[in-house]
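Fold and geometry: a report
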Amino acid sequence: MQIAGLGIHALDRLDALRLAQAREIAVRVIGTYRTVMMTAPERRAAVLEELRRAPGLTAELAKDPPAAGSDDEWPFGQRLLRVNLNLMPLMGVPRWHGLRVVTDHSRHLLFIGMHIPDGDWLNLSVPMEPLRPWHSPQFLVAFVLMTVTAAGLTLWAVRRLTAPVRTLAAAAEALGRDVNAPPLPEGGPSEVATAAAAFNTMAARIRRFVEDRTELLTAIGPDLRTPITRLKLRAEFVEDEEQRGKMLADLEELEAMVSATLAFGRDARTTEPVVSLDLAELLRTVLDETGDAWPDAAAKLGYQGPPHLTVRARSLALKRALANLVSNAVTYGGCARVTLIPPTDGVVVITVEDDGPGIAPSELERVFEPFHRGEPSRNRETGGVGLGLPIARNILRAHGGDVVLANRPMGGVKATLTLPV
Ligand SMILES: Nc1ncnc2c1ncn2[C@@H]1O[C@H](COP(=O)(O)OP(=O)(O)OP(=O)(O)O)[C@@H](O)[C@H]1O
Ligand SMILES: [Mg+2]
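Residues numbered from 1 in each chain as written. Chains lettered and ligands numbered in written order. Predicted model: local features only at pLDDT ≥ 70, side-chain atom pairs only at ≥ 80, totals over all residues.

1. Comments concerning the nonpolar core
Put simply, the rule reads: The term nonpolar core refers to a group of buried residues, namely Ala, Val, Leu, Ile, Met, Phe, Trp, Tyr and Cys, whose C-beta atoms join them within 7 Å. Here exposure depends only on C-beta density: within 10 Å of a residue's C-beta, 20 or more other C-beta atoms make it buried, 12 or fewer make it exposed, and intermediate numbers make it partly exposed, the C-beta atoms being placed from the backbone. For helices the rule is a DSSP run of H or I covering at least 4 residues; for strands it is a run of E covering at least 2, with both sets numbered from the N terminus onward. Think of it this way: build a C-beta for each residue from its backbone, and any pair within 7 Å is a contact.
Within the largest apolar cluster, 39 residues are counted, with the highest numbers of intra-cluster contacts made by Ala321, Leu322 and Val326. Of all elements in the fold, only helix 6 (241-269), helix 7 (279-293), helix 8 (315-333), strand 8 (336-344), strand 9 (347-353), helix 9 (388-398), strand 10 (402-407) and strand 11 (413-420) reach the threshold of two or more residues within this core. Tallying contributions element by element places helix 8 first for this core, with 9 residues. Those residues in contact with valine 326, other than ones at most four positions away along the chain, are Val286, Leu287, Thr290, Ala336, Val338 and Val352. Tyr33, Met37, Leu85 and Phe111 belong to the second-largest nonpolar core, a separate cluster that totals 20 residues.

2. Topic: the site of ligand 1
Our working rule: To decide whether a residue is near a molecule or strand, its C-beta atom is placed from the backbone and checked for lying within 6 Å of it.
With respect to spatial proximity, 20 residues lie near ligand 1, and among them Tyr332, Gly374, Gly384, Gly388 and Leu389 are the closest. Secondary-structure elements contributing two or more residues to the shell around ligand 1 are helix 8 and helix 9. It is helix 8 that provides the largest number of residues to the shell around ligand 1, a total of 5 residues.

3. Topic: the sheet that holds strand 8
In plain terms, the rule: A pair of strands is labelled paired if DSSP reports no fewer than 2 bridges between them. For helices, the fitted line uses only the C-alpha atoms of the stretch in contact; every axis is such a line through C-alpha atoms, and the angle between N-to-C directions lies from 0 to 180 degrees.
If you trace the 5 strands from one edge of the open sheet to the other, you get 6-8-9-11-10, paired in mixed fashion. Of all strands in the sheet, those with a lone pairing partner are strand 6 (301-304) and strand 10, marking the two edges. Taken pair by pair, the neighbouring strands of this sheet meet at an average axis angle of 15°, ignoring direction. Where strand 10 meets strand 11, 6 bridges bridge the pair, whose relative direction is antiparallel. In the strand pairing of strand 11, leucine 405 is matched with alanine 415. Relative to strand 10, helix 9 is tilted by about 135°, and along the sheet it contacts strand 10 and strand 11.

4. Observations concerning the domain arrangement of the protein
In many reports, interface size means the accessible area that the parts give up when they come together. What counts, and what does not: Reported domain spans reflect what an automatic or database domain assignment gives. Each residue is assigned to one of three groups, with Ala, Val, Leu, Ile, Met, Phe, Trp, Tyr, Cys and Pro labelled nonpolar, Asp, Glu, Lys and Arg labelled charged, and all others, Gly among them, labelled polar.
When its domains are assigned, the protein resolves into domain 1 (2-127), domain 2 (173-271) and domain 3 (272-420). Contacts between the two partners involve 12 residues from domain 2, matched on the other side by 12 residues from domain 3. Contributions of two or more residues to the side of domain 2 that touches domain 3 are made by helix 4 (137-177) and helix 6. A per-element tally of the side of domain 2 that touches domain 3 places helix 6 first, with 7 residues. Residue classes in the side of domain 2 that touches domain 3 are distributed as 5 nonpolar, 3 polar and 4 charged.

5. A look at helix 3 (residues 75-87)
Put simply, the rule reads: Here, expected helix span is obtained from the residue count minus one, scaled by 1.5 Å.
For helix 3, built from 13 residues, the straight-helix expectation of 18 Å at 1.5 Å per residue is met to within 8% by its first-to-last C-alpha distance of 19 Å. Buried-residue contacts for helix 3 involve helix 1 (2-37) and strand 2 (99-104).

6. Digging into the pairing of strand 3 (residues 109-115)
Across the 7 residues of strand 3, 5 count as buried, placing the element largely inside the fold. Pairing analysis gives 6 bridges linking strand 2 to strand 3, with the strands arranged antiparallel. Paired with leucine 99 across the bridge in strand 3 is methionine 114. Counted along the chain from strand 2 to the antiparallel partner strand 3, the turn is 4 residues long, and its residue histidine 108 has a positive phi close to 55°. Sheet topology note: the strand 3/strand 4 (residues 121-127) ladder contains 7 bridges and is antiparallel. Considered in strand 4, the bridge of leucine 109 is made with proline 127.

7. Here we look at the packing of helix 7 against helix 8
Put simply, the test is: These descriptions rest on fixed angle ranges, namely under 35 degrees for roughly parallel, over 145 for roughly antiparallel, 65 to 115 for roughly perpendicular, and the rest for oblique. Put simply, a crossing is left-handed when the front helix is turned counterclockwise from the back one by less than a right angle, and right-handed when it is turned clockwise.
At a closest axis distance of 10 Å, the pairing of helix 7 and helix 8 adopts a crossing angle of 45°. By the angle between their directions, the pair helix 7 and helix 8 is classed as oblique. Between helix 7 and helix 8 lies a crossing of right-handed hand. Taking contact as the criterion, the partners of Leu282, Leu283, Val286, Leu287 and Thr290 in helix 7 are, on helix 8, Leu318, Lys319, Leu322, Ala323, Val326, Ser327 and Val330. Residues that form the contact of helix 7 with helix 8 fall into these classes: 9 nonpolar, 2 polar and 1 charged.

Here it is, written out as structure tokens:
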């Protein structure tokens, strides 16, 4: 825009300058011509000698006009000269007979030859300064000032207009990580206020929806426990020992599932605050505690990564997620190698690898479904109920990250956790 403006201004100014220059030169040329014409022929040479002292113009009488030249050179000036020459007879100067104009652009000179009725040519050479439409320093200063001001104003206006959009984007991002994120302020221009109010309503609905779900989950628990306890008592009266044992085992399992479900619901509902924590330290703690729980595998637990890395997260929840993955690696893969990769593009990556049998490709996503287990039995030795991975994924997604599983080419499972910082 500024360049277009500058172009228009320059063209306009070029025209004006050209006209002014032509007028100035024409006045001087005509003046000289008139002086010469009104002087008696024998005194003309002396007059010209006198005129030559004036700077910027040389005039001489010659037998021939300036060499070469055409009628269409210097069109503005030629027109002016012709008009003025045509007016000469009114002032008692004899009518003109010939005009020749030659421009020498390389030397910025203009040669004008005018035929004098007595026979000679009056040849003038006039300097013609090249036109510079933006030569004046004031213009440059004004232009720079104008450009800077316009750019500044545009930037300010754009930032001001897009600020609410940025706030909204940040709020959506925060809501994705935490349903209990604080609401947006509902001030400002009416459109912005309406959008903020709509966003807050949506956030409230999502919050209520999530709360209702977890409420349902936790409310069912105690109601299920009572009949299970009653069934256990009744099972004791079953005569057949084998049947009794199986029934009791099933009931144990059912109870474990209910407890896990309750814990899951409690976890989802807790509003643990986000704090700054040392992720490297947390990983080492998880490995130590896993080593205590599985002394056989203690030697096969390893941590690789920076000694310290501060992130903002929910400490207990994150620890539970990491512990679930490390315990899976140990339980199903016999070892756990944890790697912490410092943030690139604002995302920390943690990998947990083992050397176990891996997971069938069709199961890689299904293992994240609640109560989905590779091994159908839910006996106490081989693990819990099938909530470890869903809980871990739940926690990381609540932090804006995720967990995915993949089989390593050389065998074993590699769990990749992403966590935005
Ligand atoms: N590292 C692994 N290697 C092989 N299979 C795995 C691995 N991690 C998980 N699995 C499979 O995924 C299933 C689901 O795992 P998840 O952690 O959700 O439940 P779980 O370990 O069975 O029980 P818990 O609730 O005690 O964690 C497991 O039963 C197992 O079959
Ligand atoms: Mg598990």
